[in-house]
Amino acid sequence: MTAPGRHAGRGGATHRGLTGWMFALPFAVPFAIFLVGPVLVSLLMSFTDIRLADLRTPLAVEFVGLDNYLRLADDEVFLKSVRNTALVVLLGIPLTLGLGLAVALGLNSGLTRFKALFRVGYYLPVVTSIVAVSVVWRFVYQKDSGLVNGFLGLFGVAGPNWLESTSLALPALIVMIVWRGLGFQMVIFLAGLQAIPEQLYEAARIDGASAWQQFRHITLPMLKPTLLLSTVIGTVGLMLVFEEPFVMTQGGPLHSTVSVSQYVYSQFGFGNYGYASAMSYVLFLAVAALGVGWFRLLKSDS
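Nothing here was measured: the structure is a model prediction, and the numbers come from that model.

Calculation criteria
- Each chain has its residues counted from 1, running along the sequence as written.
- At least 70 in pLDDT is required for a residue's local features to be given in this predicted model, at least 80 for side-chain atom pairs to be given and counted, and no such filter applies to totals for whole chains, interfaces and linings, which use all residues.
- By convention in this description, side-chain values take in all heavy atoms of the structure and omit both hydrogens and water.
- Secondary structure counts use DSSP, requiring at least four H or I residues in a row for a helix and at least two E residues in a row for a strand, with both numbered from the N terminus.
- For the radius of gyration, the atom set is restricted to C-alpha positions; the globular benchmark scales as 2.2 Å times the number of residues to the power 0.38.
- Only protein chains enter the accessibility calculation, which uses a 1.4 Å probe. A residue is then buried if its area is under 20% of the maximum for its type, exposed if over 50%, and partly exposed in between.
- Whether two residues touch is decided by their heavy atoms; if any such pair falls within 4.5 Å, the residues are in contact.
- In this charge count, Lys and Arg are treated as positive and Asp and Glu as negative; neither His nor the chain ends contribute.
- Every charge is mapped onto a representative atom, which is NZ of Lys, CZ of Arg, CG of Asp or CD of Glu.
- An arc is given here, and it is the one of the directions from the helix axis to the C-beta atoms.
- Polar contacts, as used here, are pairs of N or O atoms within 3.5 Å; protein pairs need one atom able to donate a hydrogen and one able to accept it. Residues neighboring in sequence count only if both atoms are side-chain atoms.
- Only residues whose relative accessible area exceeds 30% and that form no salt bridge enter a patch; like-charged residues are grouped when within 9 Å of one another, and nonpolar side chains (Val, Leu, Ile, Met, Phe, Trp, Tyr) when within 5 Å.
- Note on areas: Shrake-Rupley, 1.4 Å probe, and residue coverage restricted to the protein chains presented here.
- Any Lys or Arg side-chain nitrogen found within 4 Å of a carboxyl oxygen on Asp or Glu counts as a salt bridge.
- Nonpolar cores are built from buried Ala, Val, Leu, Ile, Met, Phe, Trp, Tyr and Cys residues. Side-chain atoms within 4.5 Å join them into one set.
- Between the rings of Phe, Tyr and Trp (Trp by its six-membered ring), a pair exists once the centres lie within 6.5 Å; its type follows the angle of the planes, with under 30 degrees stacked, over 60 edge-to-face, and the other angles tilted.
- Every axis corresponds to a line fitted to the C-alpha atoms, with the helix fit spanning only the stretch in contact, and the corresponding angles, defined between N-to-C directions, vary from 0 to 180 degrees.
- Here the angle decides the label: under 35 degrees means roughly parallel, over 145 means roughly antiparallel, 65 to 115 means roughly perpendicular, and every other value means oblique.
- Crossing handedness follows the turn of the near helix against the far one: under a right angle anticlockwise gives a left-handed crossing, and clockwise gives a right-handed one.
- We call Asp, Glu, Lys and Arg charged. Ala, Val, Leu, Ile, Met, Phe, Trp, Tyr, Cys and Pro are nonpolar, and the rest, Gly among them, are polar.

Caption draft 1: Expanded view of the overall build of the chain. Looking only at helices and strands, the chain has 13 helices and zero strands in total. Along its sequence from the N terminus, the chain presents helices and strands in the succession α-α-α-α-α-α-α-α-α-α-α-α-α. Relative to the 2.2 N^0.38 estimate, which gives 19 Å for 302 residues, the radius of gyration of the chain is 26 Å and therefore markedly larger than a compact globule would have. Over its C-alpha atoms, taken along the principal directions, the chain stretches across nearly 85 × 60 × 30 Å. Out of the 302 residues in the chain, the part that is buried amounts to 35%. Sequence separation of at least 24 residues holds for 68% of the intrachain contacts in the chain that already meet a minimum separation of 6. The positive charge centre, built from 19 side chains, and the negative charge centre, built from 15, are 11 Å apart in the chain.

Caption draft 2: Spotlight on the environment of Ala102. For Ala102, the position within the fold is in helix α3 (residues 76–110). Taking the C-alpha atoms as reference points, Ala102 and Leu190, separated by 88 residues in sequence, lie 9.9 Å from one another.

Caption draft 3: Just helix α5 (residues 130–140), in detail. Those residues of α5 that fall on the buried side of the exposure criterion are Val133, Ser134, Trp137 and Val140. With its buried residues spanning 110° around the axis, α5 presents them on a single face. The N-cap residue of α5 is Ser129: its side-chain oxygen and the backbone nitrogen of Val131 are 3.3 Å apart.

Caption draft 4: Focus on a nonpolar patch on the surface. A cluster of nonpolar residues, Phe27, Phe31, Leu35, Val36, Val39 and Leu40, forms a patch on the protein surface that exposes about 540 Å² of accessible area. As for its position among the elements, Leu35 is in helix α1 (residues 4–45). In this structure Leu35 comes out as partly exposed when scored by relative accessible area, which is 43%.

Caption draft 5: Looking closely at the nonpolar core. Val88 and Met279 are the most contacted members of the largest nonpolar core, which totals 37 residues. Among the elements of the structure, α3, α7 (169–194), α8 (198–206), α9 (211–222), α10 (224–239), α12 (260–269) and α13 (273–298) are those that each provide at least two residues to this core. Once residues lying within four places of it in the same chain are set aside, the contact partners of Val88 are Ile93, Leu170, Ile174, Ile177, Leu238 and Val241. By size, the runner-up hydrophobic cluster in this structure holds 10 residues, among which are Val140, Leu163, Ala172 and Leu173.

Caption draft 6: Here's a closer look at the environment of Leu170. Position of Leu170 among the secondary structure elements: in helix α7. In sequence terms Leu170 and Pro245 are 75 residues apart; their C-alpha atoms lie 8.6 Å from each other. Among all residues touching Leu170, those that are not within four sequence positions of it are Asn84, Leu87, Val88, Ser256 and Thr257.

Caption draft 7: Region of the structure containing the side chain of Gln267. With respect to the helices, strands and loops of the structure, Gln267 is situated in helix α12. Polar contacts involving the side chain of Gln267 include one to the side chain of Asn272, which spans 2.7 Å. Not counting the four nearest positions on each side in its chain, Gln267 is found in contact with Asn272, Tyr275, Ala276 and Met279.

Caption draft 8: Just the packing of aromatic side chains, in detail. Tallied over the entire structure, the rule returns 13 aromatic pairs. A ring pair is formed by Phe47 and Tyr69, whose centres lie 5.6 Å apart and whose planes are at 40°; its orientation type is tilted. Here Tyr69 lies in helix α2 (residues 67–71) and Phe47 lies in the loop between α1 and α2, a separation of 22 residues in the sequence. For Phe47, a relative accessible area of 22% gives the class partly exposed. Measuring from centroid to centroid gives 5.9 Å for Phe268 and Tyr273, while their planes differ by 35°, and the two rings are tilted. Judged by relative accessible area, Phe268 falls into the partly exposed class, the value being 33%. Relative accessible area serves as the criterion here: at 15%, Tyr273 is assigned to the buried category.

Caption draft 9: Inspection of the side chain of Gln185 at higher detail. Mapped onto the fold, Gln185 is located in helix α7. With sequence-adjacent residues up to four places away left out, Gln185 is seen in contact with Thr96, Leu97, Gly100, Ser230 and Gly234.

Caption draft 10: Molecular detail of the packing of α7 against α10. Running from N to C, α7 and α10 point in directions that differ by 155°, and their axes come no closer than 10 Å. For the element pair α7 / α10, the angle class is roughly antiparallel. The crossing of α7 and α10 is right-handed. Across from Ile177, Phe184, Gln185, Ile188, Phe189 and Gly192 in α7, the residues of α10 making contact are Thr226, Leu227, Leu229, Ser230, Ile233, Gly234 and Leu238. In terms of residue class, the contact of α7 with α10 is made up of eight nonpolar, five polar and no charged.

Right, dumping it as structure tokens:
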């Protein structure tokens, strides 16, 4: 015979669960409609040949299986966009993290006067509109009146047309992307540095440890969780880079700066919804794989 208290307990738990769901519904319903629903629909679209002309009769589209995904291997523009995005990540991550850590170390220890001013100055590009920053840098890289070529002209060097060169446009974009992301990484590293107990450095100095030894054996190990966070966030941001090449070069010249996100956007604009959806999920899987890889490589042993 079941005890009456057990029924009451189950009834109370059910009531609390329903109450919780009632409070969650104002968020859960829009989340399901505007996020989960479109994600599932786009996944289904990636296995069809749906195009702009099929929007009036979406149920009449043809199921093509993995054809959209297989097409990517023969798409030269897509492969070039993958190469460009990979170069942005491979060059941008170490540069952004290294410079961000260097600036954070300087602000945390060596710089005493105007520290707040420097923090704001380094972080200002992060909160500035990406479009505005990209437009400014497009003028900076101009051949005849740009600041870069103007500076080179002081030394008698004729600067190239940076954004019109197939070999220089992508490095020029990477420089701007690193400059813009430097402030965000600086703030993250600065928070990590300020969380390290000062007693560790005092003990190391008493034992005769040099500045490099303190950095190698105290700062870097203690910054491992911060380094993981910065690397994952930075990698995801660079894998999804879009506004900078879209505003500055429109993916040119000759697709030398087109990113995967920009190519996906252009395919959606052309009405190739199924093909663009397939590219989106390939990009999603790449971002997820890199995130898991960084977690495995940099996760704390504690």
